Amino acid sequence: MTSTFPSERSRALAERVEAFVRSTVLAYERDARCGPHGPSDDLVRELRSRAREAGVLTPHILPDGSHLTQRETAVVLRASGLSPLGPVAVNTMAPDEGNMLLLGRIGTPLQKERFLAPLVRGEARSAFFMTEPAGQQGAGSDPSMLRTTATREGGRWRISGRKMFITGAQGATVGIVMARTGAPEAGRATLFLTELPHPAVRIERIVDTIDSAMPGGHAQVLIDDLLLSDEHVLGEVDEGFRHAQVRLAPARLSHCMRWLGAATRAQEIATGYATTRSGFGKLLVDHEGVGFMLADNAIELQQCALMIDWCAGVLDAGLPGTTESSMTKVAVSEALFRIADRCVQVMGGTGVARDTVVEQVFRETRAFRIYDGPSEVHRWALARKIKRDALALRA
Ligand SMILES: Cc1cc2nc3c(=O)[nH]c(=O)nc-3n(C[C@H](O)[C@H](O)[C@H](O)COP(=O)(O)OP(=O)(O)OC[C@H]3O[C@@H](n4cnc5c(N)ncnc54)[C@H](O)[C@@H]3O)c2cc1C
């Protein structure tokens, strides 16, 4: 596929990251340290030391602390995503990439030194604690259902609640916790930074989920009387929802970027299969049913790249990109899942075997349709906006 690059520096970085992922990271995909709850921290350290040696660690953040533009980030993160282990290796993975962006934008100088710097150096991992258990009617698609509370006591904050699906909480050294500050009807929340592990932040279990790319897996966590000082407040008190917006659109988009890389790789593998495997006297690719699946994939991969580039351009223009990132997240997550599904189909039994990463890309892109907003929630938000705009036009 023809790729265009928004700048020379992004081309150079993307090419270096791609070369590193192909030459070094792919060999680790069958490593025994890749478990159902993600690669072990031992493997993460090993991969990162290889990335550091190759000069491709944290490629989206420049030595002066500034970030590539979103359009530049898109091509670099796509290159890192060519293997599910690539983002882990080069430190472009979720949730750290979004957390680094948020800390860089709203952290105090002290917080940046203490919490952000080790993340940028690839020496630490972080977690974002927002979702709560459905069984307790906590926050999920509807963040206003937040039940975790932060109350002021003797000049400190006391935080209590239960969180669910917290990616990377196990093994993280930094946590960003969203807690309600004020009465439920007031709809106010605050973000807090906490060192991890912490005796008041207990991992109750790692949930067995369909996906397996993220170190630490996804944890159910009990926060039991976590005491924090004002220095741990990230941003302003009561402005948690507004601050979380800073992370929201770029983090949604960066998932699209990385998984586009993974789906690109799945298409390469399926193409390799269909152009070498024969049946009924010809190569599989020469059967129209198979060739057309690969053709549809090529079309949808290109559509995804264009949509990501468009949304990234909106963010680069300084706009919030809330609507654009919703549209992009729905379109890209659903297209990538269709692409992965076709790759599985093209490869027959090999498609569902763990012998290649195609099977994993299928599982990962299924989960992606849920996190960072299920498709229906984005469609619902878009429909509300369409209605608002239509009514405003008539007023
Ligand atoms: C792999 C994975 C990693 C995650 N990592 C994190 C993390 O690191 N930190 C974190 O805080 N959370 C994380 N989450 C949680 C994720 O953000 C939530 O699962 C998601 O927001 C949906 O919330 P819920 O699971 O409570 O679903 P619910 O809110 O119970 O929704 C269930 C379904 O109802 C439908 N629905 C809901 N609202 C509407 C609506 N308005 N209109 C139409 N349909 C609707 C949708 O189909 C939705 O899928 C992760 C989840 C997964 C699967």
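Note on numbering: residues in each chain are counted from 1, in written sequence order. Per-residue local features are limited, in this predicted model, to residues with pLDDT of at least 70; the limit for side-chain atom pairs, both in listing and counting, is 80 or more; totals at the level of whole chains, interfaces and linings are taken over all residues. Side-chain figures throughout are based on the complete set of non-hydrogen atoms in the structure, without hydrogens or water.

J.: Sorry if this is basic, but what is going on with the nonpolar core here?
T.: As a rule of thumb, nonpolar side chains are buried together in soluble globular proteins. Leu253, Trp259, Leu260, Ile308 and Leu336 are the most contacted members of the largest nonpolar core, which totals 39 residues. Secondary structure elements follow DSSP: runs of H or I no shorter than four residues count as helices, runs of E no shorter than two count as strands, and numbering proceeds from the N terminus. Breaking this core down by element, the ones donating at least two residues are helix H3 (70–80), helix H7 (240–274), helix H8 (288–316), helix H9 (322–346) and helix H11 (358–368). Top element by residues in this core is H7. It accounts for twelve residues. Two residues form a contact once any of their heavy atoms are found within 4.5 Å. Discounting residues that sit within four places of it in the chain, tryptophan 259 has contacts with Ala213, Met214, Leu336, Glu364, Phe368 and Tyr371. Residues belong to one nonpolar core when they are buried, are Ala, Val, Leu, Ile, Met, Phe, Trp, Tyr or Cys, and are joined through side-chain atoms within 4.5 Å. When accessible area is computed with a 1.4 Å probe and restricted to protein chains, residues below 20% of their type maximum are described as buried, those above 50% as exposed, and intermediate ones as partly exposed.

J.: How should the layout of surface pockets be read in this particular structure?
T.: Where empty space is left becomes clear once a probe the size of a water molecule has been rolled over the atoms. A pocket, in this scheme, is an open set of points on a 1 Å grid over the protein atoms alone with protein on both sides within 12 Å along at least 5 of 7 lines, while a cavity is a set where a 1.4 Å probe fits but cannot get out; residues line either one if an atom lies within 4 Å of a point. Grid points are joined across faces, edges and corners, and a volume is the space filled by probe spheres set on the points. Of the volumes computed, that of the second largest pocket is approximately 630 Å³. Lining of the second largest pocket is provided by 26 residues; of these, Ser3, Thr4, Val75, Arg78 and Ala305 occupy positions nearest its centre. Every element with two or more residues in the lining of the second largest pocket is listed here: helix H1 (8–25), H3, H7 and H8. If one sorts the elements of the lining of the second largest pocket by residue count, H8 sits on top with six residues. Ten residue types, Ala, Val, Leu, Ile, Met, Phe, Trp, Tyr, Cys and Pro, are classed as nonpolar, four, Asp, Glu, Lys and Arg, as charged, and the remainder, Gly among them, as polar. Looking at side-chain class alone, the lining of the second largest pocket contains 13 nonpolar, six polar and seven charged residues.

J.: How should the site of the ligand be read in this particular structure?
T.: Any residue with a heavy atom positioned within 4 Å of a molecule or strand is treated as near that molecule or strand. Near the ligand, the surroundings consist of 16 residues, among which Thr131, Ser141, Phe165, Thr167 and Glu376 are the closest. We define a polar contact as two N or O atoms separated by no more than 3.5 Å, with the added condition that, inside protein, one atom must be a possible hydrogen donor and the other a possible acceptor, whereas residues neighbouring each other in sequence contribute only through side-chain atom pairs. Within the backbone of phenylalanine 128, one N or O atom sits 2.8 Å away from a nitrogen atom of the ligand. One of the backbone N or O atoms of phenylalanine 165 is found 2.9 Å from a nitrogen atom in the ligand. If the ligand stood free it would expose 980 Å²; the protein chains cover 68% of that surface. Elements represented by at least two residues in the shell around the ligand include exactly strand S5 (156–167) and helix H12 (375–394). By residue class, the composition of the shell around the ligand is nine nonpolar, five polar and two charged. Note that accessible areas follow from Shrake-Rupley with a 1.4 Å probe, and for residues the cover is restricted to the protein chains shown.

J.: Can you help me understand the domain arrangement of the chain in this one?
T.: Accessible area lost upon the coming together of the parts serves often as the stated size of an interface. What the domain assignment reports for the chain is domain 1 (8–93), domain 2 (126–236) and domain 3 (241–390). These domain limits were set by an automatic method or by a database of domain assignments. Computed from C-alpha atoms alone, the centre-to-centre distance between domain 2 and domain 3 is 29 Å. Each side of the interface is counted separately: domain 2 has 18 residues, and domain 3 has 15 residues. For any pair of parts, buried area is found by adding up, for both, the accessible area (1.4 Å probe) each one loses once the two are put together. Both faces combined, the contact of domain 2 with domain 3 buries some 1,300 Å², and carbon together with sulfur accounts for 67% of it. Among the residues of domain 2 in contact with domain 3, Phe128, Ser141 and Ile210 are the three that bury the most area, contributing 33% of the side total. The shortest N-O distance in the salt bridge between arginine 242 and glutamate 236 comes to 3.4 Å. When the residues that make up the side of domain 2 that touches domain 3 are grouped by side-chain class, the tally is eleven nonpolar, four polar and three charged. Criterion for a salt bridge: a side-chain nitrogen of Lys or Arg within 4 Å of a carboxyl oxygen of Asp or Glu.

J.: What exactly am I supposed to notice about the packing of H1 against helix H2 (residues 41–54) here?
T.: The description of two packed helices rests on the angle between their axes and on the distance between the axes. Relative orientation of the contacting elements H1 and H2 amounts to 135 degrees, with a least axis distance of 11 Å. Comparing their axes, H2 and H1 come out oblique. Note that H1 runs across H2; the crossing there is right-handed. Contacts from Arg16, Phe20 and Thr24 of H1 reach H2 at Leu47, Arg50, Ala51 and Ala54. Tallied by class, residues from the contact of H1 with H2 come to four nonpolar, one polar and two charged. Here the axes come from fitting lines to C-alpha atoms, over the contacting stretch only for helices, and the angles between their N-to-C directions go from 0 to 180 degrees. An angle below 35 degrees is read as roughly parallel, one above 145 as roughly antiparallel, one from 65 to 115 as roughly perpendicular, and any other as oblique. In this scheme the crossing of two helices becomes right-handed for a clockwise turn of the near helix relative to the far one and left-handed for an anticlockwise turn of less than a right angle.

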